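The primary structure of each chain is shown beneath.
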Amino acid sequence: MMKKAFFVISAVLEGGVIGFFVLAAIGGNVAKGDMVFFAACLLTVVLFMAISLSCISRCRAGKEKLVGHSLLMKLSVFFTCFPFAFLSFSDGIYAFSIFFFIGLVITGITLAVIKRKPRVRTYDSPVKAEKYSFSYKGKWEWDAAAAEYMRLRGISGVGDLSEEQQDLIYGYTAVPFSYMFYWLAVSGHLNERFTAEFGRNGLIEDMKARKVTAAEVLGELDYCFGSEYMKKDVIPFFRAYYDSQGRFGIRDNYIFDYYEAIGEPEDRYYCEDFSWDVCDFLETRIEERYSKWEREFGSGPEVSYYDNEATGRTVHTELFGADLRVHLCGRKETGFPADYDERCLEALDGLPELQLEKLERFLEREYGAGSDPDIFLIGAFRPDTLFIIEPREEGDVVFAVSGEAGFEPEHGISFTVRNGIVLNWGFASDIEDPYSSENIRNYENEPSFDISSLRSDEDADAFLKSGELVKVRLLPGLPYCSMKGGEEYVYLTPCALKEKEKYERYIRNIRAFSGIHDLEMIYVPEYYMGSDGKRLSAVPKDIFIRTADSASPVKAFFRVNVWN
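Owing to the predicted nature of the structure, the values given are computational and were not obtained by experimental measurement.

Engineer: I keep staring at the sheet that holds strand S6 (residues 398-405) and nothing clicks. Help me out?
Structural biologist: Two orientations exist for strands paired in a sheet by backbone hydrogen bonds: parallel and antiparallel. If you trace the six strands from one edge of the open sheet to the other, you get S3-S4-S5-S6-S7-S8, paired in mixed fashion. Edge strands, defined here as strands with exactly one partner in the open sheet, are strand S3 (309-317) and strand S8 (421-426). The mean angle between the axes of side-by-side strands here comes to 25°, regardless of whether they run parallel or antiparallel. By the bridge criterion, five bridges tie strand S7 (residues 408-418) to S8 in an arrangement that is antiparallel. Its bridge partner being in S8, Val417 is matched across the sheet by Val422. Contacts from helix H13 (residues 340-349) reach S3, strand S4 (322-329), strand S5 (381-389), S6 and S7, with the element oriented near 40° to S3. Strand contacts of helix H14 (residues 353-367): S7 and S8, with the helix running at about 20° to S8, the strand carrying the most contacts.

Engineer: I tried to follow the sheet that holds strand S13 (residues 542-547) on my own but got confused; where do I start?
Structural biologist: In space, the four strands of this open sheet follow the order S10-S12-S13-S14, with mixed pairing throughout. Lying at the two open borders of the sheet, with one neighbouring strand each, are strand S10 (481-483) and strand S14 (557-561). Going across the sheet, the axis of each strand differs from the next one's by a mean of 20°, ignoring polarity. Note that S10 and strand S12 (residues 521-526) share three bridges and pair parallel. When the bridges of S12 are listed, Ser482 appears paired with Ile522.

Engineer: Quick question: what am I supposed to make of empty space enclosed by the protein here?
Structural biologist: One pass over the structure, following the stated rule, counts two cavities of 30 Å³ or more. Considered as a void within the structure, the largest cavity measures approximately 100 Å³ in volume. Residue composition of the lining of the largest cavity, grouped by class: five nonpolar, two polar and four charged. One number sums up the size of the second largest cavity: a volume of about 70 Å³. Lys358, Arg441, Asn442, Asn445, Glu446, Pro447, Asn561, Val562, Trp563 and Asn564 together form the lining of the second largest cavity.

Engineer: What is the right way to read the environment of Lys555 from this model?
Structural biologist: Of note, Lys555 is situated in the loop between S13 and S14. A relative accessible area of 46% places Lys555 in the partly exposed class. Between the C-alpha atom of Lys555 and that of Ile510, which follows or precedes it by 45 residues, the distance is 9.6 Å.

Engineer: Sorry, what's going on with the packing of aromatic side chains here?
Structural biologist: Ring pairs (aromatic) are described by centroid distance and by the angle formed between their planes. Tallied over the entire structure, the rule returns 46 aromatic pairs. Aromatic side chains Phe177 and Tyr242 sit 5.4 Å apart centroid to centroid with 70° between the ring planes, which places their arrangement in the edge-to-face category. Pair noted here: Phe177 is in helix H6 (residues 163-186) and Tyr242 is in the loop between helix H10 (235-241) and helix H11 (254-261), with a separation of 65 residues, a long-range link. Judged by relative accessible area, Tyr242 falls into the buried class, the value being 5%. Lying across the ring of Tyr527, Arg535 places its NZ or CZ 3.7 Å from the centre.

Engineer: What's the story with the nonpolar core in this structure? I'm lost.
Structural biologist: As a rule of thumb, nonpolar side chains are buried together in soluble globular proteins. Membership of the largest hydrophobic core comes to 94 residues, with the highest contact counts inside it found for Phe177, Tyr179, Met180, Phe181, Phe225, Phe237 and Tyr254. No other element matches the 12 residues that H6 contributes to this core. Excluding anything up to four places from it in sequence, Phe225 contacts Phe134, Ser135, Tyr136, Phe177, Phe181, Leu184, Leu190, Phe194, Leu218 and Met230. Counting 38 residues, the second-largest nonpolar core is a separate cluster that includes Ala322, Tyr340, Leu356 and Phe362.

Engineer: Mind showing me how you'd approach the packing of H11 against helix H17 (residues 494-514) here?
Structural biologist: For any two helices packed against each other, one specifies the inter-axial angle together with the distance between the axes. At a minimum axis separation of 10 Å, H11 and H17 run at an interaxial angle of 90°. Classified by the angle between their axes, H11 and H17 sit roughly perpendicular to one another. Here Ile255, Phe256, Tyr259 and Glu260 of H11 lie close against H17, whose contacting residues are Arg505, Tyr506, Asn509, Ile510, Ala512 and Phe513. The class makeup of the residues in the contact of H11 with H17 is seven nonpolar, one polar and two charged.

Engineer: Explain H11 to me, please; I cannot follow it from the model alone.
Structural biologist: One turn of the α-helix equals 3.6 residues, which is why residues spaced by three or four share an orientation. Here H11 lies mainly inside the structure; seven of its eight residues are buried. Residues Tyr254, Ile255, Phe256, Asp257, Tyr258, Tyr259 and Ala261 constitute the buried set of H11. Of the residues flanking the end of H11, it is Gly263, one or two places downstream, whose phi is positive at about 95°.

Engineer: Is there a simple way to explain the pairing of S12 in this structure?
Structural biologist: Along any regular strand the residues' side chains alternate between the sheet's two faces. For S12, a buried count of five out of six residues is recorded, marking the element as mostly surrounded by other parts of the structure. Taken together, the six bridges between S12 and S13 define a ladder with antiparallel strand orientation. Pairing of Glu526 across the sheet is with Asp542, part of S13.

Engineer: I tried to follow the pattern of salt bridges on my own but got confused; where do I start?
Structural biologist: As a working rule, side chains carrying opposite charge can pair if their charged atoms are close by. According to the stated counting rule, one finds 26 salt bridges in the structure shown. Among the salt bridges present, the one from Arg289 reaches Asp257, with a minimum N-O distance of 2.9 Å. Placement of the pair is Arg289 in helix H12 (residues 276-297) and Asp257 in helix H11, with a sequence separation of 32 residues. Asp257 carries the same exposure label as Arg289, and that label is buried. The partner of Arg268 in a salt bridge is Glu272, with the nearest N and O atoms 2.6 Å apart. Connected through shared salt-bridge partners, Asp257, Glu260, Glu264, Arg285, Glu288, Arg289, Arg505 and Arg508 make up one network.

Engineer: How do you make sense of the pairing of S8 when you look at a structure like this?
Structural biologist: Counting buried residues in S8 gives six out of six residues, a clear majority hidden from the surface. The hairpin formed by S7 and S8 contains two residues between the paired strands, and Asn419 there has a positive phi angle of roughly 50°.

Engineer: It is not clear to me how unusual backbone geometry should be interpreted in this structure. Could you clarify?
Structural biologist: Trans peptide bonds make up most of the peptide bonds, and negative phi angles are found at most residues other than glycine. In this model, Tyr223 sits at a positive phi of 55°, which is unusual for a non-glycine residue. Mapped onto the secondary structure, Tyr223 falls in the loop between helix H9 (214-220) and strand S2 (224-226). In this structure, Glu264 is a non-glycine residue whose phi angle is positive, near 55°. Structurally, Glu264 can be placed in the loop between H11 and H12.

The rules we used
- Residues numbered from 1 in each chain as written.
- Predicted model: local features only at pLDDT ≥ 70, side-chain atom pairs only at ≥ 80, totals over all residues.
- Heavy atoms only, no water.
- Pairing = 2+ DSSP bridges.
- Helix = DSSP H or I, 4+ residues; strand = E, 2+ residues; numbered from the N terminus.
- Axes fitted to C-alpha atoms, helices over the stretch in contact; angles between N-to-C directions.
- Contact = heavy atoms within 4.5 Å.
- 1 Å grid on protein atoms, 1.4 Å probe; cavity = no way out; pocket = protein on both sides within 12 Å on 5 of 7 lines; lining within 4 Å.
- Points joined across faces, edges and corners; volume = space filled by probe spheres on them.
- Nonpolar A, V, L, I, M, F, W, Y, C, P; charged D, E, K, R; others polar.
- Buried < 20%, exposed > 50% of the residue type's maximum accessible area, 1.4 Å probe, protein only.
- Phe/Tyr/Trp six-rings, centres within 6.5 Å; stacked < 30°, edge-to-face > 60°.
- Lys NZ or Arg CZ within 6 Å of the ring centre and 35° of its normal.
- Core = buried A, V, L, I, M, F, W, Y, C linked by side-chain atoms within 4.5 Å.
- Parallel < 35°, antiparallel > 145°, perpendicular 65-115°, else oblique.
- Salt bridge = Lys/Arg side-chain N within 4 Å of Asp/Glu carboxyl O.

Purely spatial values, then, with no claim about function.
In C-alpha cells form, the structure reads like this:
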C-alpha cells in the first residue's frame, strides 16, 4: 500500500511540475532566459528522480519502511524548491511564500521522522543503553544438537533421522539451559510478564514439585525463553555468568559448572538426559555464584573508592618519612572500628621487606625497562595520602597509600594493602576494591616464603620437602597441548597448581562444547629476568595457556599467576 501511494503521489508531483513548466513556457508567462524559473523546475525534477531511484534500490534490499521517508522527502523538495519558479511571475511572491512556508513545515517533519531512533525493546533490562536481550530458541540450536546426536549414534545425515528422533533432539537442545531456567524459576527471578503469559497453567508449580522436569517445561514453552521474562535485577548476573559462555577466559561461568555437574564428558554437550541430581548440584552452585556476584557487583550497599571523604587529619609515616592526609573509603553509615586509622598506620610502617620487594617488582615490570637495575623504585615514591578502607572481614586492616613518583610523574602511583600483604598497584588515587575476586585471589594465594631466593633448580628442589612448592610437568600429557620454551617441569605453589588444573579442566570443556577436538593449546611459562638475561628465580611468575591457531573459531586464554 505504501509503495502504491509513493508512486502515485510521485507521478502527480512530477507530472504537475513538468506540466506547469510546459504550460508556463508555451503561454509566454515566463520571460525568455529567466534562469530562476528553469533552475527551480529542473532542480525539482532531478531531485525527484534521485529520490525515486534511491527508494527503488532500498525497497529491493527489503527496506520497505523507507518508502514513507522517501515520500516525505519528495513533498519537502516540491514545497521548498519548486516555489522559486513563482518568483519569475509578477505577484508571484505570494504563491512563493505560501508554498515555501508549507515546505519548511514538511521539511521539519521529515527531519524529525528520519532522525528518530527506532524503538527497540529492552526486555526490562537495567542496562537499557546496551539494549541487552537473550533468547533460547530450540530451533537455533537444533543443528548443533543434531550433529552431536548423529555423531554419537553413527547416523550419516539428517535425512536418516526419524520424526521421533528429530523431536528427541529438540528436547536435547533444552537440557543445558534447563538447569539455569529452573534456578531462575525457583529463586523467584521470573517477572510478572512470565506469570501473566505462562503462570496460570501450573507448569512452574509442577516443576517445583518435580512432577515435570525443567526441560519438559521449556518444551511446553515451544522451546523458547527470553530475557524479557526475567526480573531486571538478575539480568546483569545472568549476562555475566550464563550468556558469556562463548567467551572463554578466567571467569567462572555456567558452561564450566554445567560440565562439572554432568561428569565432564569430552564428546557431548547436548545429548544428556535431564537429571535431578545435576539440577540439585547446579542450583546450589548457581546460588553460590549469584551470592558472590551480588557481593562484588550487586545493587546492595557498596564501598565507593572514588567517593572518599577527607578527614582534615594528617598522620606521619616513618617508613617513608612523610606526612599523609587521611581519607576514609567505605560505607559511612556503618562507621569504622575504634583506633582503626592508627592500626592502618602501624601496618604501613610495619610492612615486611618481602612485600616492599614485591611492590618494586610490580613497578619495575611497568617502568623499569631500560633503567638502571640498581634503582630503588620505592625510594622515588613520595606518598601524600593514606586511604583508610572499611574492612569487610573481622580483624582485617585494609588501606591504600597514594602519592607522586619520580618514575611516573604524570599520574603518580598508589598501592593497596590487606593485613600486611600488598595486593596491587595503580595510579594515584585510583583505589581498587581490595575484596574484588582478583584481589581476594591475590591475598589468599600469597606465598609465605621468599620465592625470589630460589635462584636455581637445586635451590627449588631442596625446598620441595617443605610442601610449599611442588614440581610438576608443564604439560598435562594431552595430545592437543604443546609448549613454548622447552621446560618439561616447572615449580609451582600448591595454589597455582590447583588453578592450573582447573584451567586444564576448562580446556577439556571447551573442546567438548566447540566440537573442535584438534584444538591446540600452547603453554608459555614466563619468568622474572635480570639485566643479564638470566632468570631471577627458578619459579615462573606466570604460566600462560592459550589457543595456538589465531584462525581458530575458538579463542581461549588463561593466566596462572604463581607469584608477584
